[in-house]
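# Secondary and tertiary structure notes
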Amino acid sequence: METTTSTTDTPGPTPFTLRATASFGLLLLLACLVATFAITLRDAIEGDGSGGIFITAGFWALAAGALAGVAALIVPRRGLVIAQYCLAIAGPFLALMD
C-alpha cells in the first residue's frame, strides 16, 4: 500500500506585498503615536504630572517600530514587518501601563 502526499512549496509574500504592508504599518505607527501622546497627556493631567518609565518605553517602542518599518521598505523581510506591527501596538499599551 503506497501513500502519496502532496508537498507543494508555497512561496512567501512578494517584495511588493511586503513593502505595501510596511507602508501601511507606517500609517499605523502614526496613529499609535497620536494615541500614545493622548495617553501621555491624560496621564499628565490626571496623574502626578510626570511621565513614568512605561511612557518612555512606549515612545521608544514606536521609534524602534519606525526604524523597522523603514528597514522593511528598503529590504523587504517578513520579520521586519511583523516587528514593525508588534512595536506599533506595544507603544500605546506600554504607555497605558504607567
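Here's what I pulled together on the structure shown here. The structure displayed is predicted, hence computed values, not measured ones.

### Quick notes on the packing of helix α2 (residues 53–74) against helix α3 (residues 78–96)
Axis separation between α2 and α3 bottoms out at 7 Å; the angle between their running directions is 160°. In terms of axis orientation, α2 runs roughly antiparallel to α3. The hand of the α2/α3 crossing is left-handed. Every residue of α3 that contacts α2 at F54, I55, A57, G58, A61, L62, A64, G65, A68, G69, A71 and A72 is listed here: L80, V81, Q84, L87, A88, A90, G91, L94 and A95. A class-by-class count of the residues in the contact of α2 with α3 yields 16 nonpolar, five polar and no charged.

### Description of the packing of aromatic side chains
Any aromatic ring pair is given by two values, namely how distant the centres are and how the planes are angled relative to each other. Per the counting criterion, the structure on display carries one aromatic pair. On the basis of an interplanar angle of 50° and a centroid distance of 5.2 Å, the ring pair of F37 and F59 is categorised as tilted. Taken as a pair, F37 in helix α1 (residues 15–46) and F59 in helix α2 lie far apart in primary sequence, 22 residues in all. With relative accessibility at 43%, the residue F37 sits in the partly exposed group.

### Structural notes on the environment of L62
Relative to the elements of secondary structure, L62 occurs in helix α2. A relative accessible area of 5% means that L62 is categorised as buried. A C-alpha to C-alpha distance of 5.5 Å links L62 and G91, two positions 29 residues apart in sequence. Each residue touching L62, except ones within four places of it in the same chain, is listed here: L29, C32, L33, T36, L87, A88 and G91.

Rules and cut-offs
Residues numbered from 1 in each chain as written. Predicted model: local features only at pLDDT ≥ 70, side-chain atom pairs only at ≥ 80, totals over all residues. Heavy atoms only, no water. Axes fitted to C-alpha atoms, helices over the stretch in contact; angles between N-to-C directions. Helix = DSSP H or I, 4+ residues; strand = E, 2+ residues; numbered from the N terminus. Parallel < 35°, antiparallel > 145°, perpendicular 65-115°, else oblique. Left-handed = near helix turned anticlockwise from the far one by under 90°. Contact = heavy atoms within 4.5 Å. Nonpolar A, V, L, I, M, F, W, Y, C, P; charged D, E, K, R; others polar. Phe/Tyr/Trp six-rings, centres within 6.5 Å; stacked < 30°, edge-to-face > 60°. Buried < 20%, exposed > 50% of the residue type's maximum accessible area, 1.4 Å probe, protein only.

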